[in-house]
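Structural characterization, general
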Amino acid sequence: MVINTEFGAFGNNGCLNDFRTLYDLRVDIDSMNPGKQVYEKMISGMYIGEICRIACIDFAKQGVFFKGEVGEKFKTKYIFETKYVSAIVHDNTPNLERIHYHLHYDLDIPNVSRQDCVAVQQLCKAVSKRAGKFAALGLAAIIKKINKEKLTIICDGSLYLNFAKFRDYITEYLSILSPSAEVKFITAKDASGRGAALVAATSCRLKSQSSSPVLHRKPAPSQDAPAEKGKAASAKNGPMPTVQVTGAAQS
């Protein structure tokens, strides 16, 4: 069984509204497709950084972050890419120098204190951990539906491949939600494309099998009868066997 999740549109009917924050709504409203791909906008690498950026600006306006000023560059939509979120979450330097470098030098935020670095790191951890939880919820629902004890999940995308903590969040919460399932994670580039190709190949094979010719072979002559009496001997010994030529047999 192969399942291509493609569940980014989950929540379009409003079932996730109770879990969406004001920052989620802002991202959705400002996107190219408002009201669509709701689940994707809560868990994917394209939007995690934008959620964090909007939250940082909101806290700055309240005077909590960056002495109230983020600078013009940081006001650009999607400038705070998820690669920055990953770097910030993984920074374990004594004074969070990497966070300070990204915020001040890469993103031109004028006033960045160590307290700001600590707060931004906590914010990025919270947003990415929530994304990991929601991703695990979707996978757990599928595991429960198919009712399989052992399965393999193939993951694609820079968020999963390059954001180690995000991978940890998914496996951590999936083990809580589906404790009896034995899950093996595999990373692959273009997993969706390869999965679609596999499904198409399987479909063609099954179609080929259903339309394959059936070849009949004559039974061997009975040792107790001459060859010319093989037909009578076959009738006596049972129905004539058949060999079905299939794709598997031909390969």
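Residues numbered from 1 in each chain as written. Predicted model: local features only at pLDDT ≥ 70, side-chain atom pairs only at ≥ 80, totals over all residues. Heavy atoms only, no water.

1. Notes on the pattern of salt bridges
- In total, this model carries 7 salt bridges according to the counting rule given.
- Across the pair Arg53 and Glu50 runs a salt bridge, and its minimum N-O distance is 2.8 Å. A residue pair is termed a helical-turn pair when its members lie 3 or 4 positions apart in one helix, as Arg53 and Glu50 do in helix α3 (residues 45-61) at 3 residues.
- The salt bridge involving Lys75 is made with Glu72; its shortest N-O contact spans 3.3 Å.
- Its relative accessible area of 61% is what places Glu72 among the exposed residues.
- Each of the salt bridges in this network shares a partner with another, and the network as a whole consists of Arg20, Asp28 and Lys41. (Salt bridge = Lys/Arg side-chain N within 4 Å of Asp/Glu carboxyl O. Helix = DSSP H or I, 4+ residues; strand = E, 2+ residues; numbered from the N terminus. Buried < 20%, exposed > 50% of the residue type's maximum accessible area, 1.4 Å probe, protein only.)

2. Here we look at the side chain of Lys41
- Inspection of the secondary structure assignment puts Lys41 in helix α2 (residues 40-43).
- Here Lys41 falls in the buried class, since its relative accessible area comes to 5%.
- Polar contacts involving the side chain of Lys41 include one to the main-chain carbonyl oxygen of Asn33, which spans 2.8 Å.
- Here Lys41 is in contact with Asp28, Ser31, Asn33, Pro34, Gly35, Lys36, Tyr47 and Ile51, once residues within four sequence places are set aside. (Polar contact = N/O pair within 3.5 Å; in protein donor to acceptor, adjacent residues only side chain to side chain. Contact = heavy atoms within 4.5 Å.)

3. Some words on the confidence of the model for the protein
- Averaged over all residues, the pLDDT of the protein equals 83, while 79% of them reach at least 70.
- Across residues 225-251, where pLDDT falls below 50, the model places 22 contacts with residues more than four positions away in sequence or in other chains. (pLDDT = per-residue confidence, 0-100.)

4. Thoughts on the nonpolar core
- Among the nonpolar cores identified, the biggest contains 54 residues, and Phe66, Phe74, Phe80, Val85, Leu103, Val120 and Cys124 are the most heavily contacted of them.
- Those elements that provide at least two residues to this core are α2, α3, α4 (82-90), α5 (97-106), α6 (114-146), β1 (150-155), α7 (158-162) and α8 (164-177).
- For this core, the element with the highest residue contribution is α6, accounting for 12 residues.
- If near-sequence neighbours (up to four positions away) are discounted, Val85 is found in contact with Ile48, Gly49, Cys52, Phe80, Cys124 and Phe163. (Core = buried A, V, L, I, M, F, W, Y, C linked by side-chain atoms within 4.5 Å.)

5. A closer look at empty space enclosed by the protein
- One pass over the structure, following the stated rule, counts 1 cavity of 30 Å³ or more.
- Quantified by volume, the largest cavity comes out at close to 40 Å³.
- If you trace the largest cavity, you find it lined by Arg20, Asp24, Asp28, Val38, Lys41 and Met42.
- Counting only elements with at least two residues in the lining of the largest cavity, the list comes to α1 (22-29) and α2. (1 Å grid on protein atoms, 1.4 Å probe; cavity = no way out; pocket = protein on both sides within 12 Å on 5 of 7 lines; lining within 4 Å. Points joined across faces, edges and corners; volume = space filled by probe spheres on them.)

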